[in-house]
Amino acid sequence: MGVTTMNKTAFKKKFLDLLTEKFAISVEDASLFEIYTTLGTLIRSSYAKDWRHTWSNYDHEQQKQVYYFSIEFLPGRMMKSNLLNMGWLDTVQAALADLGIQLDDVVAQEPDMALGNGGLGRLASCFMDSIASEGLPGNGNGIRYKYGLFKQKFIDGYQVELPNEWLARGNLWEVRRESKSVDVYFNGYVRLNKLDDGTIVPVHEDPTIVRAVPYDTGMVGFRNGTVNTLRLWDAEIPLSEESLYRSIEQRRAIQDLTSVLYPDDSNEEGRRLRLMQEYFFVSAGVQSILRHFKTKQQKMQNLDEFVAIHINDTHPAMCVAEFMRLLLDEEKMSWERAWNLTVKVMSYTNHTIMSEALEKWSVEMLQSMQPRIYQIIEEIDRRFVEEMTGVVDWELIQRTRIISDGLVHMAHLAIIGSHSTNGVAKLHSDLLKTVVLHDFYRLYPDRFNNKTNGIAERRWLQLANPSLSTVLDKTIGQTWRYEANDLHLLMNYSEDKAVHKQLQQAKQANKERLAAFILQETGVRINEHAIFDVQIKRLHAYKRQLLNLLHILTLYFEIKEEGFTDIQPRVFIFGAKAAPSYHYAKSIIKVINEVGKMIQEDPEVSDKLSIVFLEDYSVSLAEVIIPAADVSEQISLASKEASGTSNMKLMLNGAITIATLDGANIEIRDAVGDENIVIFGLTESQVYDYYEQANYHAYSYYEALPKLKRVVDSFVDGTIANIYQEGKEIFDSLLTYNDEFFVLRDYEAYVNAQKEIEKAYQNQERWLKMSLINVANAGRFSADYTVMKYAEDIWQIEAKPKSRKAKDEKYV
Ligand code: OX2
């Protein structure tokens, strides 16, 4: 059974046979989990041949491949997306229905694979889908964490973290490849032995050896027969060394290596175990790439014609040093030749300008944990300084060198050791050049480029939003399903009332679906005809969920104290996890929850406003929320959000964006035009002016705007029940500590922008046209296009024509 040929009868037979074979059970008696397992097994075995062929074709045709190194991947559930990409979705859905089974109940059995925190990891997974769907030879390389990102619960409005045992019932999609294991060395010390001929041979004495075992998962391309590989590494005790690691502590230390994903998003904590994780997956990945390369009949010096390695943020930056180590120590290559190859092979993406997320490791820690890697980094640093001396001024060298003040700067290593550094949206890439990495831009202007993020539109529209997809099919045909830019055909219907009506009905159906979900999860019944106003992203001060809350409180006081009655009902929906150690972010969660409760218990306001803070935001939850959104909140302080990707997903589903000119919001504005988005607030250059002149006084806004004062005071004057130090903490952050993220400065503009949103919504004709224009112009944010740009400009890899997206007859 090939992946694109499948009919209902054949599927049913296969499925029922396998159910019997696996569980000796009839379909009537089978549990949903047994059905899920059977279907998953069938799916996997059906793409297995294509998986093998994909790999052997790359080899056979000597194709250059990219290896995307990322410490996080966030694929969510895979069953439905595999079915879609195999071309089986409709058939399987119908066949199961014949058997009395709802596919959605089956797919809900799959735990979210949540090996990432947020945008960074989800981007890596969107890229995996698109790389395969474009038929590009590309593979992921990461860590198989035993526990995914923590599960979030609210108890008395507080966030509580529970372990996420995603592997408890096994993982259908992975294949353990024992035979591809490699050893990774830690600790000990390195002796440099001088041979008779003068060459120096490093010997790693007394190391701790960890066995890295890969688990591979097929990344199925959209209807093209391509199945790439996501390789995640697990840490084990090497068999031959068992006697050496007899103590429980030693064994535990090794097993703990891949236990947990660090739950910090855009924030760096500098913990020892994290550094171990980084070296672990870097070394395992690079070793296996080189081992594979050596099976080809190719010269090592031509390696760059066959291999590209991508460093996704700084966590895998040690790829540079590990690659050098292997070329020098194992392949006996000269430094110059090895360095030349390394720079050609490596490329790096920066995902944030927030300095607290730029990794720095102490020299002592790195030196004791990876003595050889440290030596190599030291030598890279020494040569860098030597090369630049006399060419550029001394201060510039000191600011850009890798090791300074007892710290190893990982971003510096990634930039110096690669041929390409890119940001993730136009503004962000410009800021890298002009501010954050300006010194490096002076040294290597040609290395800097922009690659605006993209999203897997198949998942975020075709799978998540069947109601809208049906309207699109009927209106513009089906080519948009494989060529996202064809969504633009919808512009021909921008004034078409009948199409508007259908879009409205699709949105309403999604709102009802979400309302039912909310009722089931929280027991709260929301007004399905209210504006659904959505902010879904990590809880971080710079993303300014607090600004959203100030607006909600403003509406609350307008109703309670100023007698406003003609407010358009709104449901404010939040999804956000806070890093467990991020106290301030957790206080904001608590206060949002308490305000939500206060509103809900007050009949004077509860029919007009409500807050729903959904627990445990995840990929699967996003798939239910996004299609139902009317308003997309993208309100970070300008310059702080590198790109954002929920902004793209929400626009694609017809939400209207209320945004600052930050990250990819700017490109969304360019795509839809000023009339179809609501922009407010400081621009990035105004923010920088404030920094330069140090003349921001938050207090003056508090004093000058009575409504704002009323709202800010409510954090400490007893208006909101059950908040104690949380309210005070927020109050102080705004006034005592002068409001680091200019929340008070942007407040008035934001409230006015929200009035504009309300006005636009009340004119449904205008609103539906705006919404349509957003959908019609979202195609450019498909990750299919993004990865093609990476492939052409950075990785220099190509798809073979037959592996490009298949334009299946059904869709032409
Ligand atoms: C995130 C960025 O904060 C976000 O703006 C961006 O869209 C996403 O990466 C994908 O590029 N950790 N998470 C991010 O950056 C870091 C570091």
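These numbers were taken from a predicted model, which means no experiment stands behind them. (Residues numbered from 1 in each chain as written. Predicted model: local features only at pLDDT ≥ 70, side-chain atom pairs only at ≥ 80, totals over all residues. Heavy atoms only, no water.)

Peer 1: For this particular structure, what's the right way to read the overall build of the protein?
Peer 2: Tallying secondary structure elements over the protein gives 32 helices and 25 strands in all. The C-alpha radius of gyration of the protein comes to 27 Å, within 12% of the 28 Å expected for a compact globule of 812 residues. Projecting the C-alpha coordinates of the protein onto the three principal axes gives extents of approximately 90 × 70 × 55 Å. The contacts in the protein between residues at least 6 apart in sequence include a share of 77% that link residues at least 24 apart. Just so you have it, the protein exposes about 31000 Å², and 49% of that area is on carbon and sulfur atoms. Here the protein carries 91 positive and 113 negative side-chain charges, and the mean point of each set is 5 Å from the other. (Helix = DSSP H or I, 4+ residues; strand = E, 2+ residues; numbered from the N terminus. Rg over C-alpha atoms; globule rule 2.2 N^0.38 Å. Contact = heavy atoms within 4.5 Å. Areas by Shrake-Rupley, 256 points an atom, 1.4 Å probe, with all protein chains shown as cover. Lys, Arg positive; Asp, Glu negative; His and termini not counted. Charge placed at Lys NZ, Arg CZ, Asp CG, Glu CD.)

Peer 1: Would you mind showing me how to read the packing of helix H21 (residues 583-600) against helix H29 (residues 725-734) here?
Peer 2: To describe two helices that pack against each other, one gives the angle between their axes and the distance between the axes. At a closest axis distance of 9 Å, the pairing of H21 and H29 adopts a crossing angle of 115°. In the packing of H21 onto H29, the handedness of the crossing is left-handed. Contacts between H21 and H29 involve His583, Tyr584, Ser587, Ile588, Lys590 and Val591 on the former and, on the latter, Glu726, Gly727, Glu729, Ile730 and Ser733. Residue composition of the contact of H21 with H29, by class: four nonpolar, four polar and three charged. (Axes fitted to C-alpha atoms, helices over the stretch in contact; angles between N-to-C directions. Left-handed = near helix turned anticlockwise from the far one by under 90°. Nonpolar A, V, L, I, M, F, W, Y, C, P; charged D, E, K, R; others polar.)

Peer 1: Quick question: what am I supposed to make of helix H12 (residues 371-388) here?
Peer 2: Helical geometry: 3.6 residues make up each α-helical turn, so side chains three or four residues apart lie on a common side. Taking 1.5 Å per residue, 18 residues should reach 26 Å; H12 reaches 26 Å between its end C-alpha atoms and fits that length. All of the buried residues along H12 are Pro371, Arg372, Ile373, Tyr374, Ile376, Ile377, Ile380, Asp381, Phe384, Val385 and Met388. Directly beyond the C-terminal end of H12, a positive phi value near 85° is found at Gly390. (Expected span 1.5 Å × (residues − 1). Buried < 20%, exposed > 50% of the residue type's maximum accessible area, 1.4 Å probe, protein only.)

Peer 1: Is there a simple way to explain the side chain of Ser420 in this structure?
Peer 2: By the element assignment, Ser420 lies in the loop between helix H14 (410-416) and strand S18 (421-423). Using a relative accessible area of 4% as the deciding quantity, one classes Ser420 as buried. A distance of 2.9 Å separates a polar atom in the side chain of Ser420 from a polar atom in the side chain of Asn449. (Polar contact = N/O pair within 3.5 Å; in protein donor to acceptor, adjacent residues only side chain to side chain.)

Peer 1: Looking at this structure, how should I read unusual backbone geometry?
Peer 2: Working note: non-glycine residues mostly have negative phi, and peptide bonds are mostly trans. Not every positive phi belongs to a glycine, and Arg223 is a case in point at roughly 50°. Overall, the relative accessible area of 9% leaves Arg223 in the buried class. With phi around 50°, Asp405 is a residue other than glycine that occupies positive phi space. With respect to the helices and strands, Asp405 occurs in the loop between strand S16 (403-404) and strand S17 (407-409). For Asp405, a relative accessible area of 77% translates into the label exposed.

Peer 1: What should I look at first to understand the packing of aromatic side chains in this one?
Peer 2: Throughout the structure, instances matching the rule amount to 25 aromatic pairs. Ring centres of Phe154 and Phe613 lie 5.1 Å apart, and the angle between their planes is 80°; this geometry places the pair in the edge-to-face category. Taken together, the residues Phe154 in strand S5 (residues 148-155) and Phe613 in strand S22 (residues 609-614) connect sequence positions 459 residues apart. Across this residue pair, the class does not change: Phe154 and Phe613 are buried. Between the aromatic rings of Tyr702 and Phe731, the centroid separation amounts to 6.3 Å while the plane-to-plane angle is 90°, which identifies the pairing as edge-to-face. Here Tyr702 is found in helix H27 (residues 698-704), whereas its partner Phe731 is found in helix H29, with 29 residues between them in sequence. (Phe/Tyr/Trp six-rings, centres within 6.5 Å; stacked < 30°, edge-to-face > 60°.)

Peer 1: Explain the domain arrangement of the protein to me, please; I cannot follow it from the model alone.
Peer 2: It is common to give the size of an interface as the accessible area lost on bringing the parts into contact. When the domains of the protein are assigned, the result is domain 1 (62-77 + 112-453 + 792-807) and domain 2 (510-781). Every contact between the two is made by 39 residues of domain 1 and, on the other side, 40 residues of domain 2. Interface area, domain 1 with domain 2, both sides summed: about 3100 Å², of which 55% is carbon and sulfur. The tally of links between domain 1 and domain 2 comes to three salt bridges. Applying the counting criterion to the domain 1 and domain 2 interface returns 18 residue pairs in polar contact (both at pLDDT 80 or more). Those elements that provide at least two residues to the side of domain 1 that touches domain 2 are strand S2 (73-76), helix H6 (119-133), S5, strand S6 (158-164) and helix H15 (426-436). With six residues, S5 is the largest single contributor of residues to the side of domain 1 that touches domain 2. Classifying every residue of the side of domain 1 that touches domain 2 by side-chain character gives 15 nonpolar, 12 polar and 12 charged. (Domains from an automatic or database assignment. Buried area = accessible area lost by both parts, 1.4 Å probe. Salt bridge = Lys/Arg side-chain N within 4 Å of Asp/Glu carboxyl O.)

Peer 1: I'm lost on the sheet that holds strand S24 (residues 656-659) in this one. Help?
Peer 2: Through backbone hydrogen bonds, the strands of a sheet pair up, either in parallel or in antiparallel fashion. What the six strands build is an open sheet, ordered S22-S21-S20-S23-S24-S25; its pairing is parallel. Among the strands making up the open sheet, the edge pair consists of S22 and strand S25 (678-679). Packing of helix H20 (residues 545-562) onto the sheet brings it into contact with strand S20 (531-536), strand S21 (570-575), S22 and strand S23 (631-634), and relative to S21 it is tilted by some 155°. Across the face of the sheet, helix H31 (residues 764-776) comes into contact with S23 and S24 while running at roughly 85° to S24. (Pairing = 2+ DSSP bridges.)

Peer 1: I tried to follow the site of the ligand on my own but got confused; where do I start?
Peer 2: Near the ligand, the surroundings consist of 15 residues, among which His351, Asn453, Glu641, Ser643 and Gly644 are the closest. At a separation of 3.1 Å, an oxygen atom of the ligand approaches a polar backbone atom of Ser643. Contacts to the ligand include Gly644, whose backbone N or O atom sits 2.8 Å from an oxygen atom. Against a free-state accessible area of 400 Å², the protein chains account for coverage of 95% of the ligand. (Near = heavy atom within 4 Å.)

Peer 1: Would you mind going over the environment of Met300 with me for this structure?
Peer 2: Inspection of the secondary structure assignment puts Met300 in the loop between helix H8 (272-293) and strand S13 (307-312). According to the relative accessible area criterion, Met300 is buried, its value standing at 14%. Sequence-wise, Met300 and Phe186 are 114 residues apart; in three dimensions their C-alpha atoms are separated by 26 Å. Setting aside chain neighbours within four positions, we find Met300 in contact with Leu290, Phe293, Lys294, Leu327, Glu331, Met333 and Leu341.

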